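# Observations on the model geometry
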Amino acid sequence: MANFKFPDLPYSYDALEPYIDAQTMELHYSKHHKGYFTKFTNAIEGTELENKSLEELFANVSKHPVAVRNHGGGFYNHSLFWEIMSPNGGGEPKGEIADAIKKTYGSFDNFKEQFATAAKGRFGSGWAWLIVNDKKELEICSTPNQDNPLMDVSDCQGQPIFGLDVWEHAYYLKYQNRRPDYIEAFWNVVNWDAVDKYYKAAKK
């Protein structure tokens, strides 16, 4: 599987304490994420799909086996999720992404409120996203399960630059059924430098 590599976690399991606990991080990364990666690569191995990029696979995911959608999505989504968090994260965004958020949502607080509403409102398992859409504008949306906005099956279409996992496995050990508390804690670990980097790439 030369095309696909399981990413290293950019920090230790306990680095995001107290907001995200070490036990959750270890299970989430080494069991859930690794499981998605393994099942995804098994599903495409030996087929013409193994030479395509994730973006190419997602663009026509409705035509591929369901394992590509579910496990390929889980592989991609979590890879992005780890990158947009940091033990030195939190605070307010700076740079171009800060300007874009202010332009689109009026203020950072308004953005946080709308994003949290999308995350809390996702029924069952899924993700909340900040994307750059085809108009090169910011848009907040959510997807079920391990879908993402690169997939042709998604109601919202665009390049994800920021995502929050709201599957229960992402927070249940620490927050139980208190998803809003987990969402609120998440803002303390957001790596805005990474989000700014993804934003700049997406709007080119």
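As a starting point, this report considers the structure included with it. (Residues numbered from 1 in each chain as written. Predicted model: local features only at pLDDT ≥ 70, side-chain atom pairs only at ≥ 80, totals over all residues. Heavy atoms only, no water.)

### Observations concerning the overall build of the chain
Within the chain one finds eight helices and three strands. Listed by position from the N terminus, the elements making up the chain come as α-α-α-α-α-β-β-β-α-α-α. A compact globule built from 204 residues should have a C-alpha radius of gyration of about 17 Å, and the chain, at 16 Å, falls within 12% of that. Considered along the principal axes of its C-alpha atoms, the chain spans approximately 50 × 40 × 30 Å. (Helix = DSSP H or I, 4+ residues; strand = E, 2+ residues; numbered from the N terminus. Rg over C-alpha atoms; globule rule 2.2 N^0.38 Å.)

### Focus: the sheet that holds strand β3 (residues 159-165)
The three strands are arranged β2-β1-β3 in an open sheet whose pairing can be described as antiparallel. Where the open sheet ends on each side, the last strands, each with one partner, are β2 (138-144) and β3. Across the sheet, the axes of successive neighbouring strands diverge by a mean angle of 25°, strand direction being ignored. Packed onto the sheet, helix α8 (residues 192-202) meets β1 (126-132), β2 and β3 and runs at close to 150° relative to β3. (Pairing = 2+ DSSP bridges. Axes fitted to C-alpha atoms, helices over the stretch in contact; angles between N-to-C directions. Contact = heavy atoms within 4.5 Å.)

### Description of the nonpolar core
One finds Met85, Phe111, Leu138, Ile161 and Phe162 to be the most contacted residues of the largest nonpolar core, which totals 66 residues. Not counting residues within four places of it along the chain, the set of residues in contact with methionine 85 comprises Tyr11, Leu16, Ile20, Phe186, Val189 and Asn191. (Core = buried A, V, L, I, M, F, W, Y, C linked by side-chain atoms within 4.5 Å. Buried < 20%, exposed > 50% of the residue type's maximum accessible area, 1.4 Å probe, protein only.)

### Things to note about the pairing of β2
Looking along a regular strand, one sees side chains alternate from face to face of the sheet. As judged from the seven bridges shared by β1 and β2, these two strands associate in the antiparallel manner. Across the sheet, isoleucine 131 pairs through a bridge with glutamate 139, a residue of β2. Hairpin connection of β1 to β2: five residues between the antiparallel strands, including lysine 136 at a positive phi of 65°.

### Details of the pattern of salt bridges
Side chains that differ in charge, positive against negative, can pair when their charged atoms come close. The full count for this structure, using the stated rule, is four salt bridges. Of the charged contacts in the structure, one is a salt bridge between aspartate 147 and arginine 69, with a shortest N-O distance of 2.7 Å. With a gap of 78 residues between them, aspartate 147 in the loop between β2 and β3 and arginine 69 in helix α3 (residues 66-83) connect regions that are remote in the sequence. Looking at aspartate 147, the relative accessible area reads 4%, which means it is buried. Under the relative-accessibility criterion, arginine 69 is labelled partly exposed at 28%. Lysine 203 is paired through a salt bridge with glutamate 96; the nearest N and O atoms lie 3.0 Å apart. Here the residue lysine 203 occupies a position in the segment after α8, and glutamate 96 occupies one in helix α4 (residues 95-105), the gap between them amounting to 107 residues. Owing to a relative accessible area of 33%, lysine 203 belongs among the partly exposed residues under this scheme. Classification of glutamate 96 by relative accessible area gives partly exposed; the value is 34%. (Salt bridge = Lys/Arg side-chain N within 4 Å of Asp/Glu carboxyl O.)

Remember that the coordinates give geometry; whether it matters functionally is a separate question.
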